[in-house]
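Listed below, chain by chain, are the residues.
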Amino acid sequence: MPKINQYSKGSIPYFAGDQDPRVFILQKGIMILSSIDPENKGTVTDQVKPGEFFGVKSALGHYAREETATSLSESTVVALTVPEFEKLVSTNKEIMMKMLRVFSKQLRQIHKKIESILNNVPEDQQTGMLAVAKSFYNEEQYRSCYDVCEKMLQRFPHTMYAKEVTELRDQAKLVAQRELAREYSPNQNELTGSLKQFNLALFDRFAKTYVPGQVIISEHEPGDTFYLIQSGQVQLLKCVNGTQKNLDILKAGEFFGEMAILDNSPRSATCMALDNVKCLEFSKENFESLITSNPQIGLGLLKLFCKRIYDQKRRFRILTISDLQIRIMDTFLMFDEMNPTANVNEKSRKFNVTESDIAHWAGLNLETTSAEISKLTERRKIEVFDNYMIVSNIADFKRLVESHTGAFTPK
């Protein structure tokens, strides 16, 4: 049963860094959420209004609290367990859609901050798509280049770059004729892991198939569809200063493309088929009805947003560290959080990463990264091998990062 809590002025329901599985609804009073901005180190505050939820992302994602909640007056708060929260949201379409839109907006804001700090903001959608196409061509992914060019000419038929894009498309087509002729062949594990309610014949009209290297969504193009993977794997890519960077690999049962549906914004990443992929493609028009009739999908998207927001905030925090060695140490801490060891007392950690991987996540060029890693190697902080690295004392990295940034690192 939900529990009603009374808080006096100055009381603190939870602190930043706490592990707390509850979700809260403010019934009466004033509640302030305060956190530290990783970029300028100042305090950021957000006021919770009566009737609003707080503590949702950390509870759903099982993360440490990122903010401290403080009652500025006599307040009445309802505390729910995650199952109680899920039951409540599942039966209320308005709450579900509002939270999805809020989370989507928050994730979009973090993306913009990261692009700004990486100096990776295109002038407009068309220049952005052209840069994506060129990056695929330069990396000899001609099939993907062709697809992006085709999408750009369809989306922006009167673009000032029409001649350049057409020439690039035709060049890519000459090289990629064999790949373009490849036909979709169903995987043996067709539908494995996908959501059972979508295995019905009535959803066949939404089915789309893609071959390896085919671009399903191009970064910067307008967004009017979203997808559920039924089989195969989809790679999420980001064009950073002319180079394609891997963001994630999605598998059967996962959604992508939903952000553009929720906040009417251009695509934030390119989604490319890694192998033979079968998806269900849904339009913006039937998104809301789909969520309403399948509340488990809405809950799944809420949890997905929680994870993506947390991951991107973690990445942003790394990029704001001015000391390059500390930045690289925090990158290793992020890897450690993503793949925790069973033995928490073990100091040494092995990471299957290269200097190129570190450069990508730390937002540095390869030359700078190599120089800083060499310094850490000389200090016997890191051992570098061909396809992996060993951190001799991960606790030492954590101590140095916390003392430099003044921020806690997740436990």
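The shown structure was predicted, so the numbers you read here are calculated from the model rather than taken from an experiment.

Moving on: the overall build of the protein. A tally of regular secondary structure across the protein gives 14 helices and 18 strands. Seen through its principal axes, the protein has C-alpha atoms that stretch 70 × 60 × 45 Å. Counting the 411 residues in the protein, one finds 49% classified as buried. Counting only contacts in the protein whose residues sit at least 6 apart along the sequence, the fraction spanning at least 24 positions is 76%.

This next bit is on the nonpolar core. In summary, soluble globular proteins display a tendency toward joint burial of nonpolar side chains. In this structure, Leu100 and Leu302 are the most contacted members of the largest nonpolar core, which totals 43 residues. In terms of residue count, helix α10 (residues 295-319) provides more of this core than any other element does, 10 residues in total. If sequence neighbours within four positions are ignored, leucine 302 has contacts with Leu60, Val89, Met96, Met99, Leu100 and Phe103. One finds Ile318, Ile321, Phe332 and Met334 within the second-largest nonpolar core, a separate group that totals 24 residues.

Scanning all chains against the criterion turns up 25 salt bridges. A salt bridge links arginine 169 to glutamate 150; the nearest nitrogen and oxygen atoms lie 2.9 Å apart. Separated by 19 residues along the polypeptide, arginine 169 in helix α6 (residues 162-175) and glutamate 150 in helix α5 (residues 142-155) bring together distant segments of the chain. One salt bridge connects glutamate 337 with arginine 314, and the closest N-O pair in it is separated by 2.8 Å.

With that settled, consider the packing of helix α11 (residues 324-338) against helix α14 (residues 394-405). Taken N-terminus to C-terminus, the directions of α11 and α14 make an angle of 125 degrees; their axes are 9 Å apart at the nearest point. Of the possible angle classes, the one that applies to α11 and α14 is oblique. Here α11 runs over α14; the crossing is left-handed. In contact with Ile326, Met329, Asp330, Phe332, Leu333 and Asp336 of α11, α14 contributes Ile394, Phe397, Lys398, Leu400, Val401 and His404. When its residues are assigned to classes, the contact of α11 with α14 shows eight nonpolar, one polar and three charged.

Negative phi is the rule for most residues except glycine; trans is the rule for most peptide bonds. Backbone geometry at histidine 62 places phi at a positive 60 degrees, although glycine is not the residue there. Looking at the element boundaries, histidine 62 is found in the loop between α1 (56-61) and β6 (68-71). Within the chain, glutamate 140 stands out as a residue other than glycine whose phi angle is a positive 60 degrees. Along the chain, glutamate 140 falls in the loop between α4 (125-138) and α5.

Moving on to α4. With 14 residues, α4 should reach 20 Å at 1.5 Å per residue; the first-to-last C-alpha distance of 20 Å fits that figure. Listing the buried residues of α4 in full gives Thr127, Gly128, Met129, Leu130, Val132, Ala133, Ser135 and Phe136. At its buried positions, α4 is contacted by α5, α6, β9 (215-217), β11 (234-240), β12 (243-250) and β14 (270-273). Two or three places before glutamine 126, at the opening of α4, aspartate 124 has a side-chain oxygen 3.1 Å from that residue's backbone nitrogen. Backbone geometry just after α4 places glutamate 140 at a positive phi near 60 degrees.

Our next topic: the sheet that holds strand β4 (residues 43-48). Pairing between sheet strands relies on hydrogen bonds along the backbone, with the strands arranged either parallel or antiparallel. An order of β4-β3-β6 is seen for the three strands of this open sheet, with the pairing classed as antiparallel. The sheet is open, and its two borders are formed by β4 and β6, each paired with just one other strand. Between one strand and the next, the sheet's axes are offset by a mean angle of 25 degrees, whatever the strand orientation. Where strand β3 (residues 31-36) lies against β6, four bridges are found, and the strand directions are antiparallel. Across the sheet, the residue bridging to methionine 31 is serine 71, located in β6.

Another point: the sheet that holds strand β13 (residues 255-256). Pairing in this open sheet of four strands is antiparallel, and the strands run β8-β15-β10-β13 from one edge to the other. Across the chains shown, the open sheet's two edge strands, defined by having one partner strand only, are β8 (207-210) and β13. Bridging between strand β10 (residues 225-231) and strand β15 (residues 277-283) involves six bridges; their strand directions are antiparallel. Considered in β15, the bridge of isoleucine 229 is made with cysteine 279.

Okay, the pairing of β11 next. Of all seven residues making up β11, seven are buried, and the element is well covered by its neighbours. Note: β11 against β12, seven bridges, orientation antiparallel. Bridging from a neighbouring strand, valine 240 pairs with threonine 243 of β12. Counting the residues between successive antiparallel strands, the hairpin from β11 to β12 contains two residues, one of them, asparagine 241, with a positive phi of roughly 50 degrees. As paired elements, β11 and β14 share four bridges and run antiparallel to each other.

A few words on the side chain of threonine 225. Relative to the helices and strands, threonine 225 resides in strand β10. On the basis of relative accessibility, which here comes to 13%, the residue threonine 225 falls in the buried class. Polar contacts involving the side chain of threonine 225 include one to the side chain of tyrosine 227, which spans 3.1 Å. Excluding residues that lie within four positions of it along the chain, threonine 225 makes contacts with Gly257, Ile261, Arg267, Glu281, Phe282 and Ser283.

Moving on: the packing of aromatic side chains. Geometry of an aromatic ring pair is reported as the spacing of the ring centres plus the angle between the planes. The tally for this structure, following the rule as stated, stands at 16 aromatic pairs. Between phenylalanine 24 and phenylalanine 54, the aromatic rings sit 5.2 Å apart at their centres with planes inclined by 20 degrees, giving stacked as the arrangement. Taken together, the positions of phenylalanine 24 in strand β2 (residues 23-28) and phenylalanine 54 in strand β5 (residues 53-54) put the pair 30 residues apart, joining distant regions of the chain. Here phenylalanine 24 and phenylalanine 54 have matching classes, each one buried. When the centroid spacing of 5.4 Å and the interplanar angle of 55 degrees are considered together, the rings of phenylalanine 332 and phenylalanine 351 count as tilted. In this pair, phenylalanine 332 is assigned in helix α11 and phenylalanine 351 in strand β16 (residues 349-351), connecting sequence segments 19 residues apart. For the residue pair phenylalanine 332 and phenylalanine 351, the accessibility class agrees, reading buried in each case. Across from the ring centre of tyrosine 14, 4.1 Å away, lies the NZ or CZ of arginine 65, which sits over that ring. Cation over ring: lysine 350 sits above tyrosine 388, and NZ or CZ is 4.3 Å from the ring centre.

Thresholds, definitions, all that
Residues numbered from 1 in each chain as written. Predicted model: local features only at pLDDT ≥ 70, side-chain atom pairs only at ≥ 80, totals over all residues. Heavy atoms only, no water. Helix = DSSP H or I, 4+ residues; strand = E, 2+ residues; numbered from the N terminus. Buried < 20%, exposed > 50% of the residue type's maximum accessible area, 1.4 Å probe, protein only. Contact = heavy atoms within 4.5 Å. Core = buried A, V, L, I, M, F, W, Y, C linked by side-chain atoms within 4.5 Å. Salt bridge = Lys/Arg side-chain N within 4 Å of Asp/Glu carboxyl O. Axes fitted to C-alpha atoms, helices over the stretch in contact; angles between N-to-C directions. Parallel < 35°, antiparallel > 145°, perpendicular 65-115°, else oblique. Left-handed = near helix turned anticlockwise from the far one by under 90°. Nonpolar A, V, L, I, M, F, W, Y, C, P; charged D, E, K, R; others polar. Expected span 1.5 Å × (residues − 1). Polar contact = N/O pair within 3.5 Å; in protein donor to acceptor, adjacent residues only side chain to side chain. Pairing = 2+ DSSP bridges. Phe/Tyr/Trp six-rings, centres within 6.5 Å; stacked < 30°, edge-to-face > 60°. Lys NZ or Arg CZ within 6 Å of the ring centre and 35° of its normal.

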